[in-house]
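# Structural description and commentary
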Amino acid sequence: MQITGKTRVFFILGDPVAQVRAPEVYNHLFRQHGIDAVVVPLKLPAAALPGFLQHGMAAENLGGFWATIPHKPALYEHLQPSDPVATVAGAVNAVRRLPDGRLEAALFDGIGFIKGLDHFGMAVTGRRVLVLGAGGGGQAVTAALAQRQPARLAIHNRSRDRAEALVRRLAPIAGSHAEVAAGNDPAGFDLIVNCTSQGLKPDDALPFDPSRADAGAEVVDIIMSREPTPLLRACRERGLRAEAGFEMLVQQVPEYLRFFGYDELAATLQADLGEVRALLAPR
């Protein structure tokens, strides 16, 4: 792909940034589908973010940027998006530059998760849902779940005050359906979502006891691995349907492309996400 003065430029902001895969994924898609655009990683210290937003984003050939650690919460504070999921999570992971120079931000973790549930055929509306973990990922996932109107949305976190704070922030979209769970017992729930990192290390306890889950309960672990985590393996051994978080990552790709104005490419990929899954597969 040849970069010229007409090429539309995107960044991915982070510190560190060596681990990011967005450039290889989106640059491949742009090249394969004849789009004159490029994604460039940008290692930006947290202290430089305000100046970058004010001056760097004034460049008229910039389409916007993806964001990773440590910038997601700070971007929310600077840009105050109207996206309800971003508001609950207090974070954003994509910013686009509008033709008049204004910046618009959104968070895609929640919609990626929900579209993953749709892909798996896992319903939310009218069901009893338990979310384990009220950190950054848990906040976005819980807000997205609340928009699907579950009959009950219970949140467990090792520090109860964090779960209580999340329930309060959910009130505008969840009403009285959101609550702090009494504990991590999965009994009585139809859908159980693990938003913690617990269970990844060999000596970790699992985030909940699969033997306590109801027969027919479904489990999702949002750790973005294609391979089943110890939790998923334990749930499958029990006969439960249990799915990995990799699909959440896959499903975000068309949504990002729509956000940045590439609706036709987004529609093409959404019709068959095989290309995206291959690009995102672990190496």
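Look a little higher up for the structure.
As a starting point, this report considers the structure included with it. (Residues numbered from 1 in each chain as written. Predicted model: local features only at pLDDT ≥ 70, side-chain atom pairs only at ≥ 80, totals over all residues. Heavy atoms only, no water.)

This brings us to helix α3 (residues 71-79). All of the buried residues along α3 are H71, L75 and Y76. The buried residues of α3 all sit within an arc of 140° when viewed along its axis, so they share a single face. One or two positions beyond α3, positive phi appears at Q80, with a value near 45°. (Buried < 20%, exposed > 50% of the residue type's maximum accessible area, 1.4 Å probe, protein only. Helix = DSSP H or I, 4+ residues; strand = E, 2+ residues; numbered from the N terminus. Arc of directions from axis to C-beta.)

For the structure on display, the rule yields 14 aromatic pairs. With centroids separated by 6.4 Å and ring planes inclined at 85°, the aromatic side chains of Y26 and Y256 adopt a geometry described as edge-to-face. Within this pair, whereas Y26 is found in helix α1 (residues 22-32), its partner Y256 is found in helix α9 (residues 246-259), the two being separated by 230 residues in sequence. One exposure class covers both Y26 and Y256, and it is buried. Ring centres of F30 and Y262 lie 5.5 Å apart, and the angle between their planes is 55°; this geometry places the pair in the tilted category. Of this pair, F30 sits in helix α1 while Y262 sits in the loop between α9 and α10 (263-271); the two residues are 232 residues apart in sequence, bridging distant segments of the chain. Owing to a relative accessible area of 1%, F30 belongs among the buried residues under this scheme. Each residue in the set F10, Y26, F30, W66, F108, Y256, F259, F260 and Y262 is aromatic and connected to the rest through ring pairs, giving one cluster. (Phe/Tyr/Trp six-rings, centres within 6.5 Å; stacked < 30°, edge-to-face > 60°.)

This next bit is on the sheet that holds strand β2 (residues 37-43). The pairing of strands in a sheet comes from backbone hydrogen bonds and takes either a parallel or an antiparallel form. Taken in spatial order, the five strands line up as β2-β1-β3-β4-β5 in an open sheet, and their pairing is mixed. The open sheet is flanked by β2 and β5 (103-106), the only strands paired with a single partner. On average, each strand axis in the sheet is inclined to that of its neighbour by 20°, with strand direction left out of account. For strand β1 (residues 8-14) and strand β3 (residues 62-67), the ladder comprises five bridges, and the chain directions are parallel. In the strand pairing of β3, F11 is matched with F65. Contacting β1, β2 and β3, α1 crosses the sheet at an angle of about 170° to β2. Along the sheet, α3 makes contact with β1, β3, β4 (94-97) and β5, crossing β3 at roughly 130°. (Pairing = 2+ DSSP bridges. Axes fitted to C-alpha atoms, helices over the stretch in contact; angles between N-to-C directions. Contact = heavy atoms within 4.5 Å.)

Moving on: the layout of surface pockets. Considered as a void within the structure, the largest pocket measures approximately 1,300 Å³ in volume. Of all the secondary structure elements, the ones that give two or more residues to the lining of the largest pocket are α1, β3, α3, α6 (136-147) and α9. Ranked by the residues each element gives to the lining of the largest pocket, the list is headed by α9, at six residues. There is about 190 Å³ of room inside the second largest pocket. If you trace the second largest pocket, you find it lined by D83, V85, A106, L107, F108, G110, I111, I114, A144, Q147 and R148. The set of elements that each furnish at least two residues to the lining of the second largest pocket consists of α5 (109-120) and α6. It is α5 that contributes the most residues to the lining of the second largest pocket, three residues altogether. Partitioned by chemical class, the residues of the lining of the second largest pocket number seven nonpolar, two polar and two charged. (1 Å grid on protein atoms, 1.4 Å probe; cavity = no way out; pocket = protein on both sides within 12 Å on 5 of 7 lines; lining within 4 Å. Points joined across faces, edges and corners; volume = space filled by probe spheres on them. Nonpolar A, V, L, I, M, F, W, Y, C, P; charged D, E, K, R; others polar.)

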